[in-house]
Amino acid sequence: MSGLELRNGGGRPEVEAAHIVPVSEQGPDTVRNGLALSGTVHWMFDRGLWSISDEHEVLVAKNAVDEATLDRLLLPDRRLVDPVDQVFKPHKSYLRWHRENVFKG
């Protein structure tokens, strides 16, 4: 969703695995309950400043993030970049849980 492809000095991507439903809330430690995010975008997701619709649109909490920041952090279409292999897509039930329990929308 950010389009960032940051790499460290060894050439490895700088990305974090973010649980959609945290393990502390009985979320499974599976690929379909996860998103690959940059550190800042992960922090914002965990705090409910943004979430994901069932159609993989990025939803932003009202008055939580200014437009200039969103323009720098997200791709212009403000959608998730879906994995090539659909078995790795985030599961809708986990996305719904995040919207209902974390998102400040």
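Check the entry above for the structure.
Residues numbered from 1 in each chain as written. Predicted model: local features only at pLDDT ≥ 70, side-chain atom pairs only at ≥ 80, totals over all residues. Heavy atoms only, no water.

Visitor: Help me out: how do you make sense of the overall build of the protein in this one?
Guide: Summing up its helical and strand segments, the protein has three helices and four strands in all. Ordered by position in the sequence, the α and β elements of the protein form the string β-β-α-β-β-α-α. Structurally, the protein occupies a C-alpha span of about 35 × 30 × 25 Å along its principal axes. For the protein, the residues scored as buried account for 33% of the 105 residues in total. Restricting to contacts in the protein with at least 6 residues of sequence separation, those with at least 24 account for 54%. Of the accessible surface of the protein, which amounts to about 6700 Å², a share of 50% is contributed by carbon and sulfur atoms. The centroid of the 13 positive side-chain charges in the protein is displaced by 2 Å from the centroid of its 16 negative side-chain charges. (Helix = DSSP H or I, 4+ residues; strand = E, 2+ residues; numbered from the N terminus. Buried < 20%, exposed > 50% of the residue type's maximum accessible area, 1.4 Å probe, protein only. Contact = heavy atoms within 4.5 Å. Areas by Shrake-Rupley, 256 points an atom, 1.4 Å probe, with all protein chains shown as cover. Lys, Arg positive; Asp, Glu negative; His and termini not counted. Charge placed at Lys NZ, Arg CZ, Asp CG, Glu CD.)

Visitor: What's the story with the nonpolar core in this structure? I'm lost.
Guide: If you look at soluble globular proteins, the nonpolar side chains tend to sit buried side by side. Among the nonpolar cores identified, the biggest contains 17 residues, and L35, L37, M44, F45, W50 and I52 are the most heavily contacted of them. Among the secondary structure elements, those contributing two or more residues to this core are strand 2 (34-37), helix 1 (39-46), strand 3 (50-52) and helix 2 (67-73). Looking at this core element by element, the count peaks at three residues for helix 1. Setting aside its immediate chain neighbours within four residues, L35 contacts E16, A17, A18, I20, F45, W50, L80 and P90. (Core = buried A, V, L, I, M, F, W, Y, C linked by side-chain atoms within 4.5 Å.)

Visitor: Would you take a moment to explain the pattern of salt bridges for this structure?
Guide: All told, the structure shown has three salt bridges when counted by the stated rule. In this structure, R99 and D54 form a salt bridge, with 3.1 Å as the shortest nitrogen-oxygen distance. Here R99 is found in helix 3 (residues 92-101), whereas its partner D54 is found in the loop between strand 3 and strand 4 (58-60), with 45 residues between them in sequence. Of the residues examined, R99 reaches a relative accessible area of 22% and is grouped as partly exposed. Residue D54 is classed as partly exposed on the basis of its relative accessible area of 26%. Three or more residues joined by partner-sharing salt bridges are found here, namely E67, D71 and R78. (Salt bridge = Lys/Arg side-chain N within 4 Å of Asp/Glu carboxyl O.)

Visitor: What should I look at first to understand the environment of L95 in this one?
Guide: Along the chain, L95 falls in helix 3. Judged by relative accessible area, L95 falls into the buried class, the value being 1%. Taking C-alpha positions, L95 is 8.3 Å from N33, a pair spaced 62 residues apart along the chain. If near-sequence neighbours (up to four positions away) are discounted, L95 is found in contact with I20, S51, I52, S53, H56 and P90.

Visitor: Can you walk me through the pairing of strand 2 in this structure?
Guide: In summary, the side chains of a regular strand alternate between the two faces of the sheet. Because side chains alternate across strand 2, one face comprises the buried residues L35 and L37, and the other comprises G34 and A36, none of which is buried. The pairing of strand 1 (residues 16-19) with strand 2 spans four bridges and is classified as antiparallel. Among the inter-strand pairings, H19 is bridged to a residue of strand 2, identified as G34. (Pairing = 2+ DSSP bridges.)

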